[in-house]
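# Summary of structural features
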Amino acid sequence: MKNTASTSNQNPTKPFWCTSVVEQFVELDTSLQGLSAGKARLRLAKVGANRLNKGNETSNLRLFLAQFKNAIILILLFATALSFFLHEHVDAAIILVIVMVSGCLGFWQEKGAADAIRQLLAIVQITVRVLRDGVEVDIAADLIVPGDLVVLHAGDVIPADCLLMTADNLFVDEAILTGESYPAEKLPGVLAKDTPLSQRSNALWMGTHVQSGSATALVIATGANTEFGKLSQRLKFKAPETDFEQGVRHFGYLLMEVTLILVILIFAVNVFLAKPVIDSFLFALALAVGLTPQLLPAVISVNLARGASRMAEKKVIVKQLAAIENFGSMNVLCSDKTGTLTEGVVHLHGAFDVNGQVSDKVARYAYINAMFENGFANPIDEAIRLDRQFDLQGFEKQAEIPYDFYRKRLSILISEGTKATLITKGALANILNVCSEVEMANGEILAIDDVRAQIDQDFQTYSREGYRTLGLAYKSMGESGKLEKSDEADMRLLGFLLFRDPPKAGCAETITQLRDLGVALKIITGDNRLVAATIGKELGLGGESSASHRELAAHEILTGPEIEAMGDLALINRVGTVHLFAEVEPNQKERIIIALKKAGYVVGYMGDGINDVSALHAADVGISVESAADAAKESAQIVLLEKDLSVLIHGVKEGRITFANTLKYVFMATSSNFGNMFSMAGASLFLPFLPLLPKQILLTNLLTDLPEMTIATDNVDSDMVAQPRRWDIGFIRKFMMTFGLVSSLFDFLTFGLLLLMDVTPEQFRTGWFVESVVSAALIVFVVRSSKPFFKTRPGRYLLQATLSIVVVTIALPYSPIAPLIGFVPLPLSLMAMLGLIVALYLASAELAKNIFYRQVRV
């Protein structure tokens, strides 16, 4: 038996595209019946899952160690070890325990988030049809192994590198690998060894997708051994950074600048003042840790994971967590109308001849075309098959040219006895392009040019009434059993097929709700201008009111031919005022999305078809549905379990809630952390002793962070959900400076009180610890909302956690472990005065917040 563990199964001197299928069958130990289930299991265990990143999956140990990858934490651990060797065992142990507890909390939260997302992704997993034990079965794409036989149809994602076995008018979009805009035609065969990748017509590549046609193929390589896998490893492919991730990165830069300046300055001054070097070093590092919101990665992960879980309850599945923020920030949503704004169930209104009369012949020929079509499931053919049935006994399919988005036609060659007939249906303009004559109701045959004006007039009438109009043509092929695209010529127009997909009940109100949320809806459709305008009129598209009979102005509609004639700059200047894009070609969707992004919008695109893939990639947030083509579902970051805009509204709101709660942590951490650390840094310059020991600073940071782990469950004010919001580092900096200085003012008031009472260093540290932790915990209720704290209700878990920390902090100096940390009991009179300072601080912060939000735009 050959070595089937090799995922490439290629002789280095003989790549698979220059070998025959028979050779590869022998090499991979497979057959026309496919692999057996047992053999496939053994091979999967040997070669691993069919994933590009299978070697980089995050284990629990790796996730735990990642909690300590912060450079400051690593230096602190090193300094702790140094203290241990200098026989300061208790202090070193306490610092180590605090750091480990913080790391364990982050690990526990992030692991729970990762597990939740893994379960959600399983709901929208891509499946592939393969032959196992001679039977076609659907399995997860991850389980594909070399030697599998895959069955492919239009819309399918190609799950691995494959050698083509059979193909029926197969065209594959390979732009992700080759950069070619147009699909490549694929044919079985054997090619030369030096054939360039873009010309390997007998090979299918992982990550590409079937544009039209069908095929069976033999899997040669999976996972990282595929061409796409090798390319991604070489180029270190990374998803484009989202607006949310950019915000986090810029926030990190801001903290880094403040931390470095403060730490270097404090360490240098303390050494200059002849304070112990080790203590000064540990104090400076502890300040750095105190300034750093250590739990920010965990809080972000928990917020996003909880948001994703809540969105799943609303039938919205998030595939990429970072997309949640973009979902909430989205202010333009582009969508096709079919199924989203309309019922999605196409109805055949009627089959008519060229004279506008109901025609049995047109209906019968359309039924034959729809029944024998097997390119990919579509609502048009389904509507024809359900509307009326005909007896097809004696008919036999000879060949098919599947529908594609460039020809916009579907041709079926059928035979009845010795007579072969080509029947073609498609977009009326594309059918007329291949017709030279017309069959009238009385059987008379006329030249197409003689009735072209009447056909165009009827087409416009049907379109204004909201009907999608297809043309139907046929052609006698004698006894021919072969079919080429060139045969779609000199055909005879037989008549029209009229379809109707009415708007969903209540859709106009849903569009109004989106508009009220600050999201403008733009329709991008291939339908002609008149049909699209009729639907837009019924939906009140683009209007300021929800009236469902508003006429769309000419400037609010842009067609594909008009887009083709426009330059990029002209399109960027125009897209903002356009609400309906009609007669749009597939490649123009991406151009529209890019123009909207360049015009400054955060753009969502909702699509479910093969021709939506490039637009889904280009959008800030790609949205698809569970019933979508695999290629579209794979490209999307958000998948809706129901194709309904009302479901989308729930997702937008949840995205904004998630972002709002993440910002709350940032506001809390920056205001209290910056104020407290700035105060300690200042106090250390004039006090003869350190205001807090390093272990006490770390304990302060840990206790103030604990309640904020519950921030994902907090209530969010309605005004935070009403409009799209984005990261604003300038606003965060102003917030940090304003509330940090207010915090520092009362910190120095605390210092003055403690010095005035002539307390010991231990009492000073204890008093300062109690005041700083209690004030930092309670300030949460002030900064979590722009409204007065008594007018907005915090979440139950946040309230309970915060009050618990306050109780623990007040009780800590009187507990048995207090001496280990360096704390001593305080007189009740002093505790009462500290309580008064905290109350004054909260009142002043509330006043400062009122002034701040009046002067600074949120």
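The structure under discussion appears in the preceding block.
In what follows, the accompanying structure is described. Computed from a prediction, not measured in an experiment: that's the story for all the values here.

## A word on the pattern of salt bridges
Between side chains of opposite charge, a pair can form when the charged atoms approach closely. Under the definition given, this model contains 25 salt bridges. Residue lysine 39 is joined to aspartate 29 by a salt bridge in which the shortest nitrogen-to-oxygen separation is 3.1 Å. Of the two residues, lysine 39 is situated in helix 2 (residues 37-47) and aspartate 29 in the loop between helix 1 (21-28) and helix 2; the sequence distance between them amounts to 10 residues. Residue lysine 408 pairs with glutamate 585 through a salt bridge whose shortest N-O separation is 3.5 Å.

## A look at a nonpolar patch on the surface
A cluster of nonpolar side chains, Phe678, Phe686, Met737, Leu741, Phe748 and Leu755, forms an exposed patch at the surface whose accessible area comes to about 530 Å². Elements represented by at least two residues in the nonpolar patch include exactly helix 23 (645-686) and helix 26 (729-756). Here the nonpolar patch gets four residues from one element, more than from any other, and that element is helix 26. By the secondary structure assignment, phenylalanine 748 is in helix 26.

## Thoughts on the environment of methionine 668
Take methionine 668: it is sitting in helix 23. With a relative accessible area of 0%, methionine 668 lands in the buried category.

## Some remarks on the sheet that holds strand 21 (residues 603-606)
With mixed pairing, eight strands are arranged side by side in an open sheet as 8-23-22-21-9-18-20-19. Of all strands in the sheet, those with a lone pairing partner are strand 8 (316-318) and strand 19 (557-559), marking the two edges. For this sheet, the mean angle separating the axes of adjacent strands, direction not counted, is 20 degrees. Note that strand 21 and strand 22 (residues 621-625) share three bridges and pair parallel. Residue pairing across strands places methionine 606 opposite isoleucine 623, the latter belonging to strand 22. Seen against the sheet, helix 20 (residues 586-598) touches strand 9 (332-335), strand 18 (520-524), strand 20 (580-582) and strand 21 and runs at an angle of roughly 160 degrees to strand 21.

## Some remarks on the nonpolar core
Soluble, globular proteins show a tendency: their nonpolar side chains are buried together. Judged by nonpolar contacts, the single largest core of 62 residues is most densely connected at Phe327, Leu333 and Ile623. Here the element with the most residues in this core is helix 23; it accounts for five residues. Setting aside its immediate chain neighbours within four residues, leucine 333 contacts Leu514, Val519, Ala520, Leu521, Lys522, Gly604, Tyr605, Met606, Ile623, Leu645 and Leu648. Within the second largest apolar cluster, 60 residues are counted, among which are Ala669, Leu703, Ile729 and Val783.

## Looking at the side chain of threonine 421
Among the structural elements, threonine 421 can be located in strand 13 (residues 419-427). Each residue touching threonine 421, except ones within four places of it in the same chain, is listed here: Ile412, Leu413, Ile414, Tyr474, Lys475 and Met477.

## With respect to the pairing of strand 16 (residues 468-476)
Within a regular beta strand, the side chains point alternately toward one face of the sheet and then the other, so they alternate between its two faces. In terms of burial, strand 16 is a largely internal element, seven of the nine residues being buried. As paired strands, strand 13 and strand 16 are joined by seven bridges and run antiparallel to one another. Bridging from a neighbouring strand, alanine 427 pairs with leucine 470 of strand 16. Both strand 16 and strand 17 (residues 491-500) contribute to a ladder of seven bridges, which runs antiparallel. Looking at the pairing, leucine 470 lines up with leucine 497 of strand 17.

## Re the packing of helix 19 (residues 568-575) against helix 20
In helix packing, the relevant descriptors are the interaxial angle and the interaxial distance, both defined with respect to the helix axes. Contact pair helix 19 / helix 20: the axes reach a minimum separation of 8 Å and the direction vectors enclose 70 degrees. Considering their axes alone, helix 19 and helix 20 lie roughly perpendicular with respect to each other. Along its contact with helix 19, which presents Asp568, Leu571, Ile572 and Val575, the element helix 20 presents Arg591, Ala595, Leu596 and Lys598. The class makeup of the residues in the contact of helix 19 with helix 20 is five nonpolar, no polar and three charged.

## A closer look at helix 12 (residues 360-372)
When the terminal C-alpha atoms of helix 12 are compared, their 18 Å separation across 13 residues agrees well with the 18 Å that a helix rising 1.5 Å per residue should span. Within helix 12 the residues assigned to the buried category are Val362, Ala363, Tyr365, Ala366, Tyr367, Ile368, Asn369, Ala370 and Phe372. Between the side-chain oxygen at the start of helix 12 and the backbone nitrogen of lysine 361 there is a gap of 3.4 Å, and the oxygen is on serine 359.

## Some remarks on the packing of aromatic side chains
Within this structure, the stated rule accounts for 22 aromatic pairs. When the centroid spacing of 6.5 Å and the interplanar angle of 25 degrees are considered together, the rings of phenylalanine 352 and tyrosine 462 count as stacked. Of this pair, phenylalanine 352 sits in strand 10 (residues 347-353) while tyrosine 462 is found in helix 15 (residues 448-464), placing the two residues 110 residues apart along the sequence. By relative accessible area, tyrosine 462 is classed as buried at 13%.

## As for the packing of helix 15 against helix 17 (residues 529-539)
Two numbers describe how helix 15 lies on helix 17: the axes approach to 7 Å, and their chain directions differ by 20 degrees. The angle between helix 15 and helix 17 places the two elements in the roughly parallel class. Viewed along their axes, helix 15 and helix 17 form a crossing whose handedness is right-handed. In contact with Gln460, Ser463 and Arg464 of helix 15, helix 17 contributes Leu530, Val531 and Thr534. When the residues that make up the contact of helix 15 with helix 17 are grouped by side-chain class, the tally is two nonpolar, three polar and one charged.

Scoring rules and cut-offs
- Residues numbered from 1 in each chain as written.
- Predicted model: local features only at pLDDT ≥ 70, side-chain atom pairs only at ≥ 80, totals over all residues.
- Heavy atoms only, no water.
- Salt bridge = Lys/Arg side-chain N within 4 Å of Asp/Glu carboxyl O.
- Helix = DSSP H or I, 4+ residues; strand = E, 2+ residues; numbered from the N terminus.
- Patch = residues over 30% accessible without salt bridge, like charges linked within 9 Å, V, L, I, M, F, W, Y side chains within 5 Å.
- Areas by Shrake-Rupley, 256 points an atom, 1.4 Å probe, with all protein chains shown as cover.
- Buried < 20%, exposed > 50% of the residue type's maximum accessible area, 1.4 Å probe, protein only.
- Pairing = 2+ DSSP bridges.
- Axes fitted to C-alpha atoms, helices over the stretch in contact; angles between N-to-C directions.
- Contact = heavy atoms within 4.5 Å.
- Core = buried A, V, L, I, M, F, W, Y, C linked by side-chain atoms within 4.5 Å.
- Parallel < 35°, antiparallel > 145°, perpendicular 65-115°, else oblique.
- Nonpolar A, V, L, I, M, F, W, Y, C, P; charged D, E, K, R; others polar.
- Expected span 1.5 Å × (residues − 1).
- Polar contact = N/O pair within 3.5 Å; in protein donor to acceptor, adjacent residues only side chain to side chain.
- Phe/Tyr/Trp six-rings, centres within 6.5 Å; stacked < 30°, edge-to-face > 60°.
- Left-handed = near helix turned anticlockwise from the far one by under 90°.

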